[in-house]
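# Secondary and tertiary structure notes
Residue-level listing of the chains:
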Amino acid sequence: MDNNFKKEITSRPGGENLMMCYSCGSCTATCPISEIDDSFNPRLLIKKSLLGYKEEVLNNDDLWKCIQCRRCVAHCPQDVKFADIMRVLRNMSIEDGYYDKELKEKVDKLDKTVYQYRLDIVANHLNNSKDMDESIEVMIDSGDQNG
Ligand code: SF4
Ligand code: SF4
């Protein structure tokens, strides 16, 4: 256990409000990743961070599952801003050499692909005046054929 862990987090931009968490669980209840993965639990990650389980928190694949949608931020009654804390934890994980390089590369690739899909759909909509739904359908169909 590392009693300084919470201070390390709160000293970084984005981690300042960690100690305001009162463990209500609204973040976990509204998180889309928790919905599809029972093991992903923002409330528990905060609890472990406050208790000083540094290695367990930083050496954890869950850090790379978050899609930064910020639903947890919108629903938090304490303004903890868990999505920002997640970014702090990711940086600390990289700095301390805990993260799984292969997993991070896969997540980066996934993020870039989703970003590109979104850009293409919006560009298609703007340039060709295509209905957004139609553009999404075309994109999904081409993805199916490529896969
Ligand atoms: S919603 Fe906010 S206060 Fe509640 S557990 Fe999550 S971070 Fe803590
Ligand atoms: S930002 Fe991350 S932790 Fe927060 S709700 Fe979205 S996926 Fe879950």
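Below, the structure is looked at part by part.

Analysis parameters
Residues numbered from 1 in each chain as written. Chains lettered and ligands numbered in written order. Predicted model: local features only at pLDDT ≥ 70, side-chain atom pairs only at ≥ 80, totals over all residues. Helix = DSSP H or I, 4+ residues; strand = E, 2+ residues; numbered from the N terminus. Buried ≥ 20, exposed ≤ 12 C-beta atoms within 10 Å, placed from the backbone. Core = buried A, V, L, I, M, F, W, Y, C linked by C-beta atoms within 7 Å. Contact = placed C-beta atoms within 7 Å. Near = placed C-beta within 6 Å. Nonpolar A, V, L, I, M, F, W, Y, C, P; charged D, E, K, R; others polar.

### Side note on the overall build of the protein chain
Counting its regular elements, the protein chain contains 9 helices and 0 strands. Counting from the amino terminus, the protein chain carries its helices and strands in the arrangement α-α-α-α-α-α-α-α-α. Its C-alpha atoms put the protein chain at 55 × 35 × 30 Å along the principal axes. Burial status across the protein chain gives 21% buried among its 147 residues.

### A look at the nonpolar core
Judged by nonpolar contacts, the single largest core of 22 residues is most densely connected at Leu 18, Cys 72, Val 80, Phe 82, Ile 85, Met 86 and Leu 89. When residues of this core are traced back to their parent elements, those giving at least two are α1 (5–10), α4 (42–51), α5 (54–58) and α7 (82–95). Considering each element in turn, this core owes the most residues, 7 residues, to α7. Residues contacting Cys 72, with those up to four places away along its chain left out, are Cys 27, Thr 30, Cys 31, Pro 42, Phe 82 and Ala 83.

### Brief notes about the site of ligand 1
Neighbouring residues of ligand 1: 15 residues in total, closest Cys 21, Cys 24, Cys 27, Cys 76 and Val 80. Put simply, the parts of the chain that give the shell around ligand 1 at least two residues each are α2 (26–30) and α4. Taken together, the residues of the shell around ligand 1 break down into 10 nonpolar, 4 polar and 1 charged.

### Side note on the site of ligand 2
Contacts to ligand 2 come from 14 residues, most closely from Cys 31, Cys 66, Cys 69, Cys 72 and Ala 83. Secondary-structure elements contributing two or more residues to the shell around ligand 2 are α3 (32–36), α6 (71–75) and α7. Here the element with the most residues in the shell around ligand 2 is α7; it accounts for 3 residues. For the shell around ligand 2, the per-class residue count stands at 11 nonpolar, 1 polar and 2 charged.

### Observations concerning the environment of Lys 6
Mapped onto the elements of the fold, Lys 6 is located in helix α1. Spatially, the C-alpha atoms of Lys 6 and Leu 51 are 7.8 Å apart, while their sequence positions differ by 45 residues. Excluding residues within four positions of it along the chain, Lys 6 makes contact with Leu 18, Met 19, Ser 49, Leu 50 and Gly 52.

Remember, this is a structural readout, not a statement about activity or role.
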